Amino acid sequence: MPTLLEQSQSARALWDLAGDERARDDLTLVLTDPWGSAVGDFAPDELRNEGQLRRRIYELIGEMVMPRQPREPRVRVELRDAFVPTDQLEQLRLRLGQIPDIGRARLRLHNQVRFVPQRPDNFLLTDFAIEVNEPFAAAVRDVAVDCGFQLREDPWLLKREGVREALLGLVDQHRRDGQPNPDFALCFLLQDRETIHLLEVSSEAAELGDGRLDGVGFSARGVVPYANSLKIYLTHPNDLRTAFRANRDHPLFNDLRTGNCDFLFPDDKGEAFGQVFAELLRV
């Protein structure tokens, strides 16, 4: 754990013992943090060789943190909320595991599973998404449909007509009406289909130094089409760095590391932001 926590304060490790096809003990180590995961199998003899064990663990840590770097585009295959029986979930798990070379997909599941007493034979799945590297997205969609799930096809808010233009107009208005002039403006938590999460970084904002990064919510009606609410996070550059040191698990920093942001100002896909805040994008 000390070795693991050097790379991620939110990482977890789980050991599991099982038997292989020849009834020999087989140890599996799973490393996870909010942005990645890695799995490795170990024979018991490997644990007796400290040098070899340390090398294997470093390799797994490297594999776990790699997904934070957006080297290959990621795709979220989103499923509609549904009540599903356990055998349908098990079928999905088995079929995903049968996709050729699925280990390279860096598959991650995002979902909430709830037990509803009124429907004891089913689980309620909400906000269900399967995230994979782009070349595997089509196969994952096919598997999900074959297993009886319905895909969610409605676009994210920022992809809907007029939304980005409205946000650009809002940022420009902030630059003109006496509020702190934003040096950078970007949206994160893009998968939220009800709320726009808008971060404005301004050297004219009050510097608080408390490491907090809380948004203020407003109604989006008449301001941003299709959105129910707008949450604005205004921060000084130094406070943004302080928040990063204090809370690297904040959704903003997660999305920055995985490339799940839309940079509104300047409209350069984050190039200028990355030059100023390079440490926020590094592993």
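Worth saying up front: this structure is predicted, and the values here are computed from it rather than measured.

About the criteria used
Residues numbered from 1 in each chain as written. Predicted model: local features only at pLDDT ≥ 70, side-chain atom pairs only at ≥ 80, totals over all residues. Heavy atoms only, no water. Salt bridge = Lys/Arg side-chain N within 4 Å of Asp/Glu carboxyl O. Helix = DSSP H or I, 4+ residues; strand = E, 2+ residues; numbered from the N terminus. Buried < 20%, exposed > 50% of the residue type's maximum accessible area, 1.4 Å probe, protein only. Contact = heavy atoms within 4.5 Å. Pairing = 2+ DSSP bridges. Axes fitted to C-alpha atoms, helices over the stretch in contact; angles between N-to-C directions. Parallel < 35°, antiparallel > 145°, perpendicular 65-115°, else oblique. Left-handed = near helix turned anticlockwise from the far one by under 90°. Nonpolar A, V, L, I, M, F, W, Y, C, P; charged D, E, K, R; others polar. Arc of directions from axis to C-beta. Phe/Tyr/Trp six-rings, centres within 6.5 Å; stacked < 30°, edge-to-face > 60°. Lys NZ or Arg CZ within 6 Å of the ring centre and 35° of its normal.

**Comments concerning the pattern of salt bridges**
Counted under the stated rule, the structure contains 18 salt bridges. With its nearest N and O atoms 3.1 Å apart, the salt bridge here joins Arg 74 to Glu 131. Here Glu 131 lies in strand 7 (residues 123-133) and Arg 74 lies in strand 4 (residues 74-79), a separation of 57 residues in the sequence. A salt bridge links Asp 262 to Arg 164; its shortest N-O distance comes to 2.8 Å. In this pair, Asp 262 is assigned in strand 12 (residues 262-265) and Arg 164 in helix 5 (residues 163-176), connecting sequence segments 98 residues apart. Judged by its relative accessible area of 18%, Asp 262 is buried. Members of the salt-bridge network, linked through shared partners, are Arg 76, Glu 78, Arg 152, Asp 154 and Arg 193.

**Describing the environment of Phe 253**
Positionally, Phe 253 belongs in helix 7 (residues 251-258). Sequence spacing of Phe 253 and Ala 243 is ten residues, and the spatial spacing of their C-alpha atoms is 9.4 Å. For Phe 253, the contacting residues outside a window of four places in its chain are Leu 213, Leu 240, Ala 243, Phe 244, Asn 247, Arg 248 and Leu 280.

**Examining the sheet that holds strand 8 (residues 184-188)**
Read across the sheet, five strands follow the order 10-11-9-8-12 without closing on themselves; strand pairing throughout is mixed. Looking at the sheet topology across the chains shown, the edges are occupied by strand 10 (216-219) and strand 12. For this sheet the average axis-to-axis angle between neighbouring strands, irrespective of direction, equals 25 degrees. The pairing of strand 8 with strand 9 (residues 195-201) spans five bridges and is classified as antiparallel. Residue Phe 188 lies in a different strand from strand 9, and its bridge partner there is His 197. Where helix 5 meets the sheet, it contacts strand 8, strand 9, strand 11 (229-235) and strand 12, and its direction lies at approximately 40 degrees from that of strand 12.

**Focus: the packing of helix 3 (residues 86-97) against helix 4 (residues 137-146)**
Contact pair helix 3 / helix 4: the axes reach a minimum separation of 10 Å and the direction vectors enclose 150 degrees. The angle between helix 3 and helix 4 places the two elements in the roughly antiparallel class. In terms of crossing hand, the pair formed by helix 3 and helix 4 is right-handed. Touching Leu 92, Arg 95 and Leu 96 of helix 3 are Val 140, Val 143, Ala 144 and Asp 146, all from helix 4. Across the contact of helix 3 with helix 4, the residue classes break down as five nonpolar, no polar and two charged.

**Quick look at helix 6 (residues 237-246)**
Turning to helix 6, its buried residues number three or more, namely Pro 237, Asp 239, Leu 240, Ala 243 and Phe 244. What you see down the axis of helix 6 is that its buried residues fit within an arc of 160 degrees, all on one side. Exposed residues on helix 6 whose side chains face more than 90 degrees from its buried face are Arg 245 and Ala 246.

**Quick word on the packing of aromatic side chains**
On inspection of all chains with the given rule, the structure shows eight aromatic pairs. Consider the rings of Phe 184 and Phe 277, whose centres lie 5.9 Å apart with planes at 70 degrees: the pair is edge-to-face. Separated by 93 residues along the polypeptide, Phe 184 in strand 8 and Phe 277 in the loop between helix 8 (271-276) and helix 9 (278-281) bring together distant segments of the chain. Relative accessible area serves as the criterion here: at 10%, Phe 184 is assigned to the buried category. Judged by relative accessible area, Phe 277 falls into the buried class, the value being 0%. On the basis of an interplanar angle of 50 degrees and a centroid distance of 5.6 Å, the ring pair of Phe 263 and Phe 273 is categorised as tilted. Of this pair, Phe 263 sits in strand 12 while Phe 273 sits in helix 8, and the two are ten residues apart along the sequence. Here the guanidinium or amino end of Arg 119 rests over the ring plane of Phe 83, the centre of that ring lying 4.2 Å away.

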